[in-house]
Amino acid sequence: MNRFFPWGFLSALALIFLAIFVAYPIFGVLFRSFIGDNGTFSIDGFETFLTRGKYLEALMNTVILSLIVTLTCTILGVFLAFVVARYDIPFGNIVLLLPLSVLIIPELISAQSWVMVFGNNGLVTNLFKALGLPFPQFYGWFGLIYVMTLTYYVHVFLAALAALRGFDHSLEEAGQSLGTAPLTTYIRVVFPTILPAVLASGLIVFTLVIGNFAISIALAQRVPLLSVMTYRSFISELGGNPTMQSTLATVSILLVSGVLFLQKRYLSKRNYQMVAGRTTPRIKLRGWKAILISGGAGLIIVLSLMPALVVLMGSFTVSRGPVMYWGQFTLEHYMRIWDFNLAVIGNSLKFASLATGLGVCFATLVSYLLVKKRSVFSPVLDYLLLLPLTISGTVLGIALAQSFNSGPIVLTGGLLMVLAMMVRRLPFGVRNASSNLHNISNSIEEASVSLGVPPVRTFFNVVLPLMAPGIAAAAILTWVTTVAELSASVVIYQAGQETLPIQIFRLISSDLMARASAFGVINMIIILVPVFFGIKVMKVRLFSS
Amino acid sequence: MAELILQDIRKSYGDAEVLKGVSRRIADGTFFTLLGPSGCGKTTLLRIIAGFVSPTQGAVHFNKDDITRVSTHQRGVGMVFQDYALFPDKNVFDNVAYGLRARKLSSKELQRKVPEYLEKVGLDGLGSRLPAEMSGGQRQRVALARALVIEPRVLLMDEPLSNLDASLRVQMRDVIRSLQLETRTTTIFVTHDQEEALAMSDEIAVMKNGCIDQCGAPADVYRNPKTAYVSRFVGSANLLEAEFQEHGLDGMDRYLVQGTLVSGRTMGIAENGRYLMVARPENITIRKKYSEPGNGELEGRIASLQFQGYRTSFHVVLNSGEDLHVETVGEAATSALGRGDNVIVSIGEKCLFVPEASA
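The rules behind these values
Residues numbered from 1 in each chain as written. Chains lettered and ligands numbered in written order. Predicted model: local features only at pLDDT ≥ 70, side-chain atom pairs only at ≥ 80, totals over all residues. Helix = DSSP H or I, 4+ residues; strand = E, 2+ residues; numbered from the N terminus. Rg over C-alpha atoms; globule rule 2.2 N^0.38 Å. Buried ≥ 20, exposed ≤ 12 C-beta atoms within 10 Å, placed from the backbone. Contact = placed C-beta atoms within 7 Å. Nonpolar A, V, L, I, M, F, W, Y, C, P; charged D, E, K, R; others polar. Axes fitted to C-alpha atoms, helices over the stretch in contact; angles between N-to-C directions. Parallel < 35°, antiparallel > 145°, perpendicular 65-115°, else oblique. Left-handed = near helix turned anticlockwise from the far one by under 90°. Pairing = 2+ DSSP bridges. Domains from an automatic or database assignment. Arc of directions from axis to C-beta. pLDDT = per-residue confidence, 0-100.

### Quick word on the overall build of chain A
Thought 1: When helices and strands are tallied, chain A shows 23 helices and two strands.
Thought 2: Expected size for 545 residues packed as a compact globule is a radius of gyration near 24 Å; at 25 Å, chain A falls within 12% of this value.
Thought 3: The 545 residues of chain A split such that 46% are buried.
Thought 4: Long-range pairs, those at least 24 residues apart, make up 81% of the contacts in chain A between residues at least 6 apart in sequence.

Here it is as structure tokens:
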């Protein structure tokens, strides 16, 4: 019996793939940040970073913005989760749409829609102008915090809601029986137990803000941010000295890795085991409390779903350049896409299907190898799979572009786009795909083999059907993120390879909001169809947290 | 169906030697039980026979075929797992048909054989159920039918009854044993439950630290344990230090135990001259102390007793401080005895003497 073939061999192949397409580019970036103009070792990059005010300012701004958004998201997410879990509010079921809204509305479209409301030519801005009232400057801190909070709070909301729903009501009753008032009990007993989940999701928000490109570039003209600066350094210095790009990318990698390390170090230990008990009965509110609490929750929900509506309206609205004529409807923007830009839709579909197909196959195989067929390669594979988590899309794009533009392996254009989209999603794909795998006992495979079915066919006969729900979730979530992917592809793409998000990004930069909206609606439809199909027809559970 | 031959099977994981040379010839049609505590190597041996683990050394033969290097799926073994290992997404029929389909049987034959075996295990008509809709006992029956329907050369069972509750376990023993007798399939049954082993097997191998300590028919192993370990693992036994005195002409040797002379058979020569007396609880008689103890008798006090209907179980503390477990059957002789009574226990001639080193 050959113990190496096939599983050890496949593990080795996966390892080689990740080494070439994940480790090599990322370590390349780290390495190049220490290479000066003349190709020798130097710390000029970091010296420039630390001495030039604008870089340090960008770093500080990024950290401050991340902290603020994490805080606002936590407040908003925990509040909403608390209300949904504890009170019987009239629109309770709409809340379940919220996690979907994050999937369906790409960050870029969210940013765009709020610019259409509050930006220079925005609906509300113009309304205020017409009334002669001053309106706060939206571009900058206010806009960044506002849009990012509304985009990212759902992560905290979902984590907190899951923790609250898993909370054993008997504990709360125990608290009350020991003499604390209901609300005090809640604060003393319930909050500490959901704290780890909330903190963990808060850290996710923190890393998302650090890596955020789409919202930042749309709204941060007046606030230098690390991700935008990294992108600009790449665009302006393309073909020139890569030291500064690498240095900026390295700083971003270190920042995110630091946060992830903190999370592993401190948070993973503080996970309380909750004995499954009765869930808390929901309270029906009356009077002003009802109006206040359900009104607050309702407002958050409306604001979360609003971008889809604004973009939908905008796509049918007459416009001349940047000026929108709200109330006058036209199909012109869609006609233009039909006449001139079908290729963009084609690109999006092509790249995303390739990335999803390859990514899901890879994730399925690797999760099986990691859970069921551990070998000497497995620990290394585990670590390599963590690497994509440490880099933002922009940094990944730069890393791939730098590594495969020249050198031993040259890849360009389409292949690189597919690779970027696939690599970003891999850690999550593997996690989704392996979700059922831990519950499949080894003896099931052994039973199949003992009945005369060889190991590889056993995998297809017995294991794959049981993995199917996880694989479907991985496929849908990979599709959703790759269709919306902007930050890595915008760095890599070449003429003729524009995807929907890239096209939207370019139109927003030219202030052509109505046309961007039409692309946005198409983008959202492409995302929505498989999500809807998966949830309604295949009964895939996307949010089994 | 086959004779199974194990030749000096050894298995090491790094420095840890799990199996230290197991050899055994298991005749065709035998129900063979590997009995031992966890960690004794019984499951590893079973998995070597199945082909999931390859031995560091040694060979496994089915009849004349050396299958040591043959992959599991080509060995033609049927296996029943502790956790049933039913395919959760397939119904009972498809579970049982799985191995037949791998053997490319026509659907006509499937329609004949699957119901036949479902009937054998008492599940006729339940083919369309999913495993999740069945009880533990029913699942184990499906697993049994699935393993037997392929007419395996050897049937392997890895603690198949340990997840069932007590009454079901006894019932499933009968089901398994009568099916085995009906099909005459050579069966290797792994368990740590001595009662199961005694009740079901043609042959028991008591394993300890990677070796077979003793092998034989259940009654033989029970009556003639060769080591103190076997005596304690199969049935329960009282062990007391014994000092060799003389060989008797009747095949019975005499030993000094706690100052009294006891006769019994010697089961092995102790190189250091130290022996243990092995006395089954039911081979010891107990009576109230009316007179001084004679030969083969010891004095003690009843520390506690449990009345269990047809039998009574006594915990006696001897005057030397040693504990003794005594069982009596029937009420008449013992109804006069109570906690705290001073008693004389008499060790009959059915006791054995084993070398102490083997404890």
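Next, the rest of the story.
### A word on the overall build of chain B
Thought 1: If you tally the helices and strands in chain B, you get eight helices and 20 strands.
Thought 2: The principal-axis extent of the C-alpha atoms belonging to chain B is close to 80 × 45 × 35 Å.

### Digging into the interface of chain B and chain A
How big an interface is tends to be reported as the loss of accessible area on association of its parts.
Thought 1: With 21 residues of chain B at the contact, the number on the chain A side is 16 residues.
Thought 2: Residue assignment for the side of chain B that touches chain A shows that the elements contributing at least two residues are strand E6 (77-80) and helix H2 (92-102) of chain B.
Thought 3: The residue inventory of the side of chain B that touches chain A, partitioned by class, reads 11 nonpolar, six polar and four charged.

### Thoughts on the packing of helix H15 (residues 342-372) of chain A against helix H20 (residues 455-483) of chain A
All names here are of chain A.
Thought 1: Two elements in contact, H15 and H20, have axes whose closest approach is 9 Å; the angle formed by their N-to-C orientations is 140°. Judged by the inter-axis angle, H15 sits oblique to H20. Seen from above, H15 lies across H20 with right-handed handedness. Residues Ser348, Ala352, Ala355, Thr356, Gly359, Val360, Ala363, Thr364 and Tyr368 of H15 pack against Phe459, Val463, Met467, Ile471, Ala474, Ala475, Thr478, Trp479, Thr482 and Val483 of H20.
Thought 2: For the contact of H15 with H20, the per-class residue count stands at 13 nonpolar, six polar and no charged.

### A few points about the sheet that holds strand E16 (residues 297-307) of chain B
All names here are of chain B.
Thought 1: Strand order in the open sheet made by the five strands is E15-E19-E16-E17-E18, with antiparallel pairing throughout. Edge positions in the sheet fall to strand E15 (284-288) and strand E18 (323-329), since each has one partner strand and no second. Neighbour-to-neighbour, the strand axes of the sheet open up by a mean angle of 45°, direction not taken into account.
Thought 2: Across seven bridges, the pairing between strand E17 (residues 311-318) and E18 is antiparallel. The partner of Arg311 across the bridge, within E18, is Val329.

### Description of the sheet that holds strand E10 (residues 211-216) of chain B
Residues and elements named next belong to chain B.
Thought 1: The strand order across the open sheet formed by six strands is E6-E7-E8-E3-E9-E10, and the pairing between neighbours is mixed. Single-partner strands in this sheet number two, and they are E6 and E10. Averaged over neighbouring strand pairs, the angle between their axes works out to 20° when direction is ignored.
Thought 2: In terms of strand pairing, strand E7 (residues 154-158) meets strand E8 (residues 186-191) through five bridges, oriented parallel. In the strand pairing of E8, Val154 is matched with Thr186.
Thought 3: Across the sheet, helix H1 (residues 42-50) touches strand E3 (31-35), E6, E7, E8 and strand E9 (203-208), and the angle it forms with E7 is around 145°.

### Looking at the domain arrangement of chain B
All names here are of chain B.
Thought 1: You can read the domains of chain B as domain 1 (4-228) and domain 2 (238-358).
Thought 2: The C-alpha centroid of domain 2 is placed 39 Å from the C-alpha centroid of domain 1.
Thought 3: Across the side of domain 1 that touches domain 2, the residue classes tally to two nonpolar, two polar and one charged.

### A look at the packing of helix H13 (residues 287-315) of chain A against helix H23 (residues 513-537) of chain A
Residue and element names in this part refer to chain A.
Thought 1: Viewed as axis vectors pointing N to C, H13 and H23 meet at an angle of 120°, and their least axial separation amounts to 7 Å. The angle between the axes of H13 and H23 places the two elements in the oblique class. Taken as a pair, H13 and H23 cross one another with a handedness that is left-handed. Contacts from Ala308, Val311, Leu312, Gly314 and Ser315 of H13 reach H23 at Met513, Ala514, Ser517, Ala518, Gly520, Val521 and Met524.
Thought 2: Considered class by class, the residues forming the contact of H13 with H23 number eight nonpolar, four polar and no charged.

### Notes on unusual backbone geometry
All names here are of chain B.
Thought 1: Even without a glycine there, the phi angle at Lys104 is positive, about 60°.
Thought 2: Structurally, Lys104 is set in the loop between H2 and helix H3 (107-120).
Thought 3: Not every positive phi belongs to a glycine, and Glu159 is a case in point at roughly 40°.
Thought 4: Along the chain, Glu159 turns up in the loop between E7 and helix H5 (166-183).
Thought 5: Judged by local crowding, Glu159 falls into the buried class, with 20 C-beta atoms found within 10 Å.

### Section: helix H16 (residues 378-386) of chain A
All names here are of chain A.
Thought 1: Taken as a whole, H16 has its buried residues at Leu381, Leu384 and Leu385. Looking straight down H16, one finds that the buried residues subtend no more than 100° of arc, so they occupy a single side. Exposed side of H16, more than 90 degrees from the buried face: Pro379 and Tyr383 are the residues found there.
Thought 2: Looking at the buried positions of H16, the neighbouring elements they touch are helix H1 (7-32), H15 and helix H18 (413-433).

### Structural notes on the pairing of E3(B)
Across a regular strand the side chains alternate sides, sitting on one face of the sheet and then on the other.
Residue and element names in this part refer to chain B.
Thought 1: The buried count for E3 comes to four of five residues, which makes it a mostly enclosed element.
Thought 2: Here five bridges tie E3 to E8, and the two strands are oriented parallel to one another. Along E8, the bridge assignment pairs Thr33 with Phe189.
Thought 3: As defined by bridge partners, E3 adjoins E9 across four bridges and the pair is classed as parallel. When the bridges of E9 are listed, Phe32 appears paired with Glu203.

### Some remarks on the environment of A:Gly175
All names here are of chain A.
Thought 1: Mapped onto the fold, Gly175 is located in helix H8 (residues 169-177).
Thought 2: Taking the C-beta count within 10 Å as the criterion, Gly175 has 19 such neighbours and is therefore assigned partly exposed.
Thought 3: With 101 residues separating them along the chain, Gly175 and Thr74 place their C-alpha atoms 25 Å apart.
Thought 4: Discounting residues that sit within four places of it in the chain, Gly175 has contacts with Thr180, Thr185, Arg188 and Val189.

### As for the environment of A:Gln503
All names here are of chain A.
Thought 1: Checked against the element boundaries, Gln503 lands in helix H22 (residues 500-509).
Thought 2: Residue Gln503 is classed as buried on the basis of its 23 C-beta neighbours within 10 Å.
Thought 3: Along the primary structure Gln503 and Leu10 are separated by 493 residues, whereas in three dimensions their C-alpha atoms are 38 Å apart.
Thought 4: Discounting residues that sit within four places of it in the chain, Gln503 has contacts with Asn341, Val344, Glu498 and Phe519.

### Some details on the pairing of E9(B)
Residues and elements named next belong to chain B.
Thought 1: Summarising burial for E9: five of the six residues are buried, a large majority.
Thought 2: With five bridges connecting them, E9 and E10 associate as antiparallel partners. Its bridge partner being in E10, Met207 is matched across the sheet by Ile212.
Thought 3: Hairpin connection between E9 and E10: a loop of two residues separates the two successive antiparallel strands, and Asn209 in this loop has a positive phi of roughly 45°.

### Remarks on the domain arrangement of chain A
Residue and element names in this part refer to chain A.
Thought 1: Once the domains are mapped, chain A shows domain 1 (60-226 + 273-308) and domain 2 (328-545).
Thought 2: Centre-to-centre, using C-alpha coordinates, domain 1 lies 27 Å away from domain 2.
Thought 3: The interface of domain 1 with domain 2 comprises 19 residues on the first partner and 21 residues on the second.
Thought 4: At the level of secondary structure, the elements contributing two or more residues to the side of domain 1 that touches domain 2 comprise helix H4 (98-104), helix H5 (107-118), helix H7 (141-165), helix H9 (182-211) and helix H10 (214-219).

### Quick word on the environment of A:Leu225
Residues and elements named next belong to chain A.
Thought 1: Inspection of the secondary structure assignment puts Leu225 in the loop between H10 and helix H11 (226-236).
Thought 2: For Leu225, a count of 25 C-beta atoms within 10 Å puts it in the buried group.
Thought 3: Other than its neighbours up to four places away in sequence, Leu225 contacts Ala58, Asn61, Thr62, Leu65, Ser216 and Ala220.

### A closer look at the confidence of the model for chain B
Thought 1: For chain B, per-residue confidence averages 91 on the pLDDT scale, and 97% of positions sit at 70 or higher.
Thought 2: Among the prediction metrics, the complex's ipTM stands at 0.85, with pTM recorded as 0.84.

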